[in-house]
Amino acid sequence: MLLTADKQFLDQIQGIRNRVFRVTKRILISKEEAEDATQEVILKLWNMDEGKRKSFKNLEAYSITMAKNYCLDRIKSKQAQVLSLNEQFQSQPSTSLQKQIEVSNEMEWVVKLIDQLPERERMILQLREIEQYEFDQIASLMEIPEGTVRVYLSRIRKKIKKQFIEIQSHGI
């Protein structure tokens, strides 16, 4: 039988698990690597002293930061097995093969452009556009002022748009 604190932790982590997975998936790309990373983060949280867990102002923010750091460590140590981005597009239904190929190619270019961003910019974009975090939440997670988050996002979007238009116009 689970103790009350353990049950509370499990209930709390259940709501956080999907967001942690999406962050790890974005960083590691491979679904399998992301699942492993998510499991590792949850396991670390589980093994953590209950008092320490309760001392966090925001367990979700701490978990996301922990996941980000874990993934970066994996990448730095060259243990991550990065799979092709095509797995993201295999399940998308399309009306025509030509349209599916065009969308797939465009998405691959956008993902490549995003992957070329510095880590901080990539994380801010991930948290805002994919995880749907508010600006103040991103500022807290990234430990930067909220206005800086807004400036970063504006610049990131402009940079990606400009690079994508260049790719389209040059047919690269």
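All figures in this text were calculated on a predicted structure; none of them were measured in a lab.

Enquirer: So, the overall build of the protein: which residues are in play, and what are the values?
Expert: Secondary structure assignment for the protein yields eight helices and zero strands. For the protein, the succession of helices and strands along the chain, N to C, is α-α-α-α-α-α-α-α. Counting the 172 residues in the protein, one finds 38% classified as buried. At a minimum sequence separation of 6, the contacts of the protein that also span at least 24 residues come to 63%.

Enquirer: If you had to explain a negative patch on the surface to someone new, which residues and values would you point to?
Expert: Taken together, the side chains of E32, E35, D36 and E40 make up a negatively charged region of the molecular surface. Relative to the elements of secondary structure, D36 occurs in helix α2 (residues 31–47). For D36, a relative accessible area of 46% translates into the label partly exposed.

Enquirer: Describe the layout of surface pockets, naming the residues involved and giving the relevant values.
Expert: Taken as a whole, the second largest pocket holds about 210 Å³ of empty space. Residue lining of the second largest pocket: K57, N58, E60, A61, Y62, T65, Y133, Q137, S140, L141 and E143, and that is the complete set. Those elements that provide at least two residues to the lining of the second largest pocket are α4 (59–76) and α7 (135–142). The greatest single-element share of the lining of the second largest pocket, amounting to four residues, is contributed by α4. In the lining of the second largest pocket, the residues fall into four nonpolar, four polar and three charged.

Enquirer: Could you give an account of the packing of aromatic side chains, naming the residues involved and the relevant values?
Expert: The relation between two aromatic rings is expressed through the spacing of the ring centres and the mutual angle of the planes. Under the definition given, this model contains two aromatic pairs. Arranged with centres 3.8 Å apart and planes meeting at 20°, the rings of F56 and Y62 form a pair that is stacked. What makes Y62 partly exposed here is its relative accessible area of 28%. Here the guanidinium or amino end of K112 rests over the ring plane of W109, the centre of that ring lying 5.0 Å away.

Conventions we followed
Residues numbered from 1 in each chain as written. Predicted model: local features only at pLDDT ≥ 70, side-chain atom pairs only at ≥ 80, totals over all residues. Heavy atoms only, no water. Helix = DSSP H or I, 4+ residues; strand = E, 2+ residues; numbered from the N terminus. Buried < 20%, exposed > 50% of the residue type's maximum accessible area, 1.4 Å probe, protein only. Contact = heavy atoms within 4.5 Å. Patch = residues over 30% accessible without salt bridge, like charges linked within 9 Å, V, L, I, M, F, W, Y side chains within 5 Å. Areas by Shrake-Rupley, 256 points an atom, 1.4 Å probe, with all protein chains shown as cover. Salt bridge = Lys/Arg side-chain N within 4 Å of Asp/Glu carboxyl O. Lys, Arg positive; Asp, Glu negative; His and termini not counted. Charge placed at Lys NZ, Arg CZ, Asp CG, Glu CD. 1 Å grid on protein atoms, 1.4 Å probe; cavity = no way out; pocket = protein on both sides within 12 Å on 5 of 7 lines; lining within 4 Å. Points joined across faces, edges and corners; volume = space filled by probe spheres on them. Nonpolar A, V, L, I, M, F, W, Y, C, P; charged D, E, K, R; others polar. Phe/Tyr/Trp six-rings, centres within 6.5 Å; stacked < 30°, edge-to-face > 60°. Lys NZ or Arg CZ within 6 Å of the ring centre and 35° of its normal.

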